[in-house]
Amino acid sequence: MEIAQDAAVVESRVRAAVAYAMRVSLDDWPAGEPLHNVPDGIYDSLAQLEAIVRLERDLDSGPLTLDQQAGELITITALTEWVVRKLGERG
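Cut-offs used in this document
Residues numbered from 1 in each chain as written. Predicted model: local features only at pLDDT ≥ 70, side-chain atom pairs only at ≥ 80, totals over all residues. Heavy atoms only, no water. Helix = DSSP H or I, 4+ residues; strand = E, 2+ residues; numbered from the N terminus. Buried < 20%, exposed > 50% of the residue type's maximum accessible area, 1.4 Å probe, protein only. Contact = heavy atoms within 4.5 Å. Expected span 1.5 Å × (residues − 1). Phe/Tyr/Trp six-rings, centres within 6.5 Å; stacked < 30°, edge-to-face > 60°. Lys NZ or Arg CZ within 6 Å of the ring centre and 35° of its normal.

**Student:** For this particular structure, what's the right way to read the overall build of the protein chain?
**Tutor:** Counting its regular elements, the protein chain contains 3 helices and 0 strands. Secondary structure elements of the protein chain occur, N-terminal to C-terminal, as α-α-α. Here the C-alpha coordinates of the protein chain stretch approximately 40 × 25 × 20 Å along the principal axes. Within the protein chain, the proportion of its 91 residues that are buried is 41%. The long-range fraction of contacts in the protein chain, counting pairs at least 24 apart against all pairs at least 6 apart in sequence, stands at 56%.

**Student:** I keep staring at helix α1 (residues 7–22) and nothing clicks. Help me out?
**Tutor:** Quick reminder: α-helices carry 3.6 residues per turn. Residues three or four places apart thus point the same way. Helix length check: α1 (16 residues) gives 22 Å between terminal C-alpha atoms against 22 Å at 1.5 Å per residue, within 8%. Looking only at α1, the buried set comprises Val10, Val14, Arg15, Ala17, Val18, Ala19, Ala21 and Met22. Turning to α1, the residues buried within the fold contact α2 (45–59) and α3 (76–89). One or two positions beyond α1, positive phi appears at arginine 23, with a value near 60 degrees.

**Student:** Teacher, can you tell me more about the packing of aromatic side chains here?
**Tutor:** Centre-to-centre distance and the angle between the planes together describe a pair of aromatic rings. Enumeration according to the criterion identifies 0 aromatic pairs in this entry. The ring of tyrosine 20 carries the charged tip of arginine 23 above its face, separated from the ring centre by 5.1 Å. One residue, arginine 54, lies across the ring of tyrosine 20, its end atom 3.8 Å from the ring centre.

All we've got here are geometric facts, nothing functional implied.
Below is the structure:
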């Protein structure tokens, strides 16, 4: 999948999916800042799962199976790198 090569595209999709799951705007949120610090937003395992399901649909990627790193996916940067890696593993 070509999208795996373009981290900027993936990051914009990650930002949108997480914002949707958290029900807040993340337009100005720093990519490296923990999402649980977002004012008026809740980033927990349910929000994470909802964001990942949305990404699977938006990227037409099929399942992006969570692994042991799930607890480390607390920033937009970490989520973006994870998605790019998962897509890259598929060749």
